Amino acid sequence: MRFLLDAEQRAFAGSLDAMLTAADTPSVVREWSRGEHASGRALWSRVADAGVFALAVPEVHEGLGVRPVELAVAFVELGRHAVPGPLVETVAAAALLAGLPDPGPAKRLLPALAAGDAMATLAWRTPYALDGDVAATRLALTAEGLRLAPGHGPVRASLDPARRLTPLDPGGELLGTDPPTAEALVRARLATAAQALGVGLALLDRTVAHVGQRTQFGVPVGSFQAVKHRLADAKVALEFARPLLFGAALTMDPADVAAAKVTACEAAYATARTALQLHGAIGYTAEYDLSLWLTKARVLRTAWGGPQECRAEVLSGGARRW
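Note that this is a predicted model, so its numbers are computed, not measured.

Parameters and conventions
Residues numbered from 1 in each chain as written. Predicted model: local features only at pLDDT ≥ 70, side-chain atom pairs only at ≥ 80, totals over all residues. Heavy atoms only, no water. Helix = DSSP H or I, 4+ residues; strand = E, 2+ residues; numbered from the N terminus. Rg over C-alpha atoms; globule rule 2.2 N^0.38 Å. Buried < 20%, exposed > 50% of the residue type's maximum accessible area, 1.4 Å probe, protein only. Contact = heavy atoms within 4.5 Å. Areas by Shrake-Rupley, 256 points an atom, 1.4 Å probe, with all protein chains shown as cover. Lys, Arg positive; Asp, Glu negative; His and termini not counted. Charge placed at Lys NZ, Arg CZ, Asp CG, Glu CD. Core = buried A, V, L, I, M, F, W, Y, C linked by side-chain atoms within 4.5 Å. Pairing = 2+ DSSP bridges.

Peer 1: Mind laying out the overall build of the protein, listing which residues take part and the relevant values?
Peer 2: When its secondary structure is counted, the protein shows 11 helices and eight strands. Relative to the 2.2 N^0.38 estimate, which gives 20 Å for 322 residues, the radius of gyration of the protein is 19 Å and therefore close to what a compact globule would have. The principal-axis extents of the C-alpha atoms in the protein amount to approximately 70 × 50 × 35 Å. Classification of the 322 residues of the protein by burial places 54% in the buried group. A fraction of 71% describes how many contacts in the protein between residues 6 or more apart in sequence connect residues 24 or more apart. If you sum the accessible surface of the protein, you get close to 14,100 Å²; carbon and sulfur atoms cover 56% of it. Looking at charge distribution, the protein has the averaged site of its 32 positive side-chain charges lying 6 Å from that of its 32 negative ones.

Peer 1: I'd like a description of the nonpolar core, backed by residues and values.
Peer 2: Within the largest apolar cluster, 82 residues are counted, with the highest numbers of intra-cluster contacts made by Val52, Phe75, Leu97, Leu245 and Trp304. Ignoring any residue separated from it by four or fewer positions in sequence, one finds Val52 in contact with Phe12, Leu16, Val47, Leu71, Ala74, Phe75 and Leu78. Formed by 17 residues, the second largest nonpolar core is a distinct cluster that contains Ala82, Ala162, Ala272 and Ala297.

Peer 1: For the pairing of strand S1 (residues 120-123), give the residues involved together with the corresponding values.
Peer 2: Here S1 shows a buried face lined by Ala120 and Leu122 and a second buried face lined by Thr121 and Ala123. Relative to strand S3 (residues 137-141), S1 runs parallel, the two sharing four bridges. Across the sheet, the residue bridging to Ala123 is Ala140, located in S3.

Peer 1: Tell me about the pairing of S3, residues and numbers included.
Peer 2: For S3, the tally of buried residues reaches four of five residues, placing the bulk of the element in the interior. The sheet contact formed by S3 and strand S4 (residues 146-148) spans three bridges and is antiparallel. Looking at S4, one finds that Leu141 is bridged to Leu146.

Pasting the structure below:
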């Protein structure tokens, strides 16, 4: 099935693309990786002013209402430009807070998330949370329920330098004993799938430009049939993931979202491997901007459930329908 964005959604994507292009996100990512957050915070505020985080927050808490399709549109652009920060974690945190039986924590914390005044991070199935040193709202899922962590431990590096991990301190305020973890996981996977699709598209665009400029035997490398085949395979994989992503955003069925997540992430990962091969030795250097997307494609593949877990969700979802 072919899903077409309407004029408003296309304009939204175009405005985000223009804004992020002007922001020079590669330099922002490198500063973020070094623990210098000023430019990243400024970019986060501009993304919030565009309404991105408000798309994950109900209107009663000063958001735009939960709008999965528009959220997917936004996260494709965030992935395309490798925007750093706990983006998916903020979406998941909004779902957890909004679904608590006690509306008090949501009323207290969600308006700041929607406005971009605060970032949220979340420790999910692990003691580590992404960017806990910069996030104002640090949530931890424990055996007792959802807690607001009082602080964080030392920053630790990950495969993607822009994804800085921090252990959260134990204890803290218990916000609720029965948080909606299933709903939060679905939204996080949808945002991750969209982000991965954007990463894959950026890798493909950069690789097509590179092989058009690089020459061998007096002709562009991109004119070789073997190179064309690799790029065509990457293009087909990414375009196949696109309708799964927007179809899942319409249904928000856990199995549909899991299918979109595994397909988009596998397509982005395969595109990253192709990009690395076709760039040659320069693709292996951390100083070259391509690396910012290569490492992100790798970590998104396993974030919020790896391929095996998502495929199991797809199979179990199909069994439930039958």
